[in-house]
Amino acid sequence: MDSAPPLLTPYKMGAFNLAHRVVLAPLTRCRAYGNVAQPAHMSLYYCQRATLGGLLISEACAVSEAARGYPDVPGLWTDEQVEAWKLIVDAVHAVFFAQIWHTGRVSAPEFQPNGQAPISSTDKQVPPQVSHDGHVNTFAVPRRLETNEIPHVVNEFRIAARNAIKAGFDGVEIHAANGYLFDQFMKDSTNDRDDMYGGTLENRCRFTAEVVAAVAGEVGADRLGVRLSPFTDYMDCSDSDPETLALHVIHRTLNPTGVLYCHMLEPRMRVNPDDGKLTLPHMLLPFRKAFRGTFIASGGY
Ligand SMILES: Cc1cc2nc3c(=O)[nH]c(=O)nc-3n(C[C@H](O)[C@H](O)[C@H](O)COP(=O)(O)O)c2cc1C
């Protein structure tokens, strides 16, 4: 073992004895027809990526009908969805966490019940986004959540987390990254609220804090991971001070709750306009130092 590359050495993540440190990142595949995970091909897909003692994170699972923003994503809000996941989780011999998700305003009428407006922290629409193949994606005008509706969304995450454990997952990861609902609350380019969920940093992070508390209360902080992407501006969602934002979430919510792991996206390299060279303006190291649990990094590996 002494000569093994560090990535391939064992690691104890809370109660989980991992055989190595290579983790499968959550990857949406859009093949869960009718929002029900498909045991036949999804068991094969996850087993192909499993190793004994490895850690897998599932593709993002919607917490409700209104949480969807893409076609055929799996859900975790009905018994049928739980039963389908059970067969897949049972087939996979690895540590397996379910990622739970709400896209917020990153949605379109065809994904919403009765074509209703998707919910968000704001009523500002995501501008059309051009994908890598030149396709232009458009989004619905969102509906700003009323203050008294927010506990209902928090509760949807609690129930989805409970369902994930019922399905046999070892834990859950809250998808608080990539411009989806949590980022829409946390980041100041998007959050334009003037209630207790907007304005100050503490207020903008309140929704995330409430969901973390609810899910930790339901399944235990020792089975809870949180994914953040402070430096990402995906889906027109960015923050003017991403480092302070992420440190706030770590110090005020993740550490005091005793969250098992913090999963972050690496900042992308940028071309420096002065000399045309690629530079990396930010690093994840301050967060790794600040977070007391296990730190996972993703992006460009
Ligand atoms: C097709 C595709 C689907 C993805 N789906 C998810 C997802 O469901 N949840 C999530 O948190 N990130 C998702 N991501 C982001 C990846 O987990 C990963 O963080 C990102 O691709 C950066 O890593 P890379 O540079 O190695 O690609 C997705 C990325 C791709 C390309």
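Residues numbered from 1 in each chain as written. Predicted model: local features only at pLDDT ≥ 70, side-chain atom pairs only at ≥ 80, totals over all residues. Heavy atoms only, no water.

**Considering the packing of helix 3 (residues 150-166) against helix 6 (residues 206-219)**
Okay, so step 1: For the pair helix 3 and helix 6, interaxial distance at closest approach is 9 Å and the crossing angle is 35°. Read as a crossing pair, helix 3 and helix 6 show a hand that is right-handed. On the side of helix 3, the interface is formed by I150, V153, V154, F157, R158, A161, R162 and I165, while helix 6 contributes F207, E210, V211, A214, V215, E218 and V219.
Okay, so step 2: Among the residues forming the contact of helix 3 with helix 6, the class breakdown is eleven nonpolar, no polar and four charged. (Axes fitted to C-alpha atoms, helices over the stretch in contact; angles between N-to-C directions. Helix = DSSP H or I, 4+ residues; strand = E, 2+ residues; numbered from the N terminus. Left-handed = near helix turned anticlockwise from the far one by under 90°. Contact = heavy atoms within 4.5 Å. Nonpolar A, V, L, I, M, F, W, Y, C, P; charged D, E, K, R; others polar.)

**As for the site of the ligand**
Okay, so step 1: Near the ligand lie 15 residues; those nearest to it are P26, T28, Q99, R227 and G300.
Okay, so step 2: Within the side chain of R227, a nitrogen or oxygen atom sits 2.5 Å from an oxygen atom of the ligand.
Okay, so step 3: At 2.6 Å, a backbone N or O of G300 approaches an oxygen atom of the ligand.
Okay, so step 4: Here the ligand, which alone exposes 610 Å², has 67% of that area covered by the protein. (Near = heavy atom within 4 Å. Polar contact = N/O pair within 3.5 Å; in protein donor to acceptor, adjacent residues only side chain to side chain. Areas by Shrake-Rupley, 256 points an atom, 1.4 Å probe, with all protein chains shown as cover.)

**Focus on the environment of R21**
Okay, so step 1: Looking at the secondary structure, you find R21 in the loop between strand 2 (16-18) and strand 3 (23-24).
Okay, so step 2: The class for R21 is partly exposed, based on a relative accessible area of 38%.
Okay, so step 3: For the pair formed by R21 and I296, sequence separation is 275 residues and the distance between their alpha carbons is 9.0 Å.
Okay, so step 4: Those residues in contact with R21 that lie beyond four places of it in its chain are P6, L7, T9, P10 and Y11.
Okay, so step 5: One polar contact links the side chain of R21 to the main-chain carbonyl oxygen of P10, over a distance of 3.0 Å. (Buried < 20%, exposed > 50% of the residue type's maximum accessible area, 1.4 Å probe, protein only.)

**Considering the layout of surface pockets**
Okay, so step 1: Taken as a whole, the largest pocket encloses approximately 820 Å³ of empty space.
Okay, so step 2: Forming the boundary of the largest pocket are 28 residues, of which L7, R21, F295, I296 and A297 lie nearest the centre.
Okay, so step 3: Of all elements in the fold, only strand 1 (11-13), strand 3, helix 8 (285-290) and strand 15 (294-298) reach the threshold of two or more residues within the lining of the largest pocket.
Okay, so step 4: Sorting elements by how many residues they give to the lining of the largest pocket places strand 15 first, with five residues.
Okay, so step 5: Across the lining of the largest pocket, the residue classes break down as 18 nonpolar, seven polar and three charged.
Okay, so step 6: Computed from the structure, the second largest pocket encloses a volume of approximately 700 Å³.
Okay, so step 7: Forming the walls of the second largest pocket are 25 residues, and the residues nearest its centre are P26, N178, R227, Y234 and L265.
Okay, so step 8: The residue makeup of the lining of the second largest pocket, split by class, is eleven nonpolar, eight polar and six charged. (1 Å grid on protein atoms, 1.4 Å probe; cavity = no way out; pocket = protein on both sides within 12 Å on 5 of 7 lines; lining within 4 Å. Points joined across faces, edges and corners; volume = space filled by probe spheres on them.)

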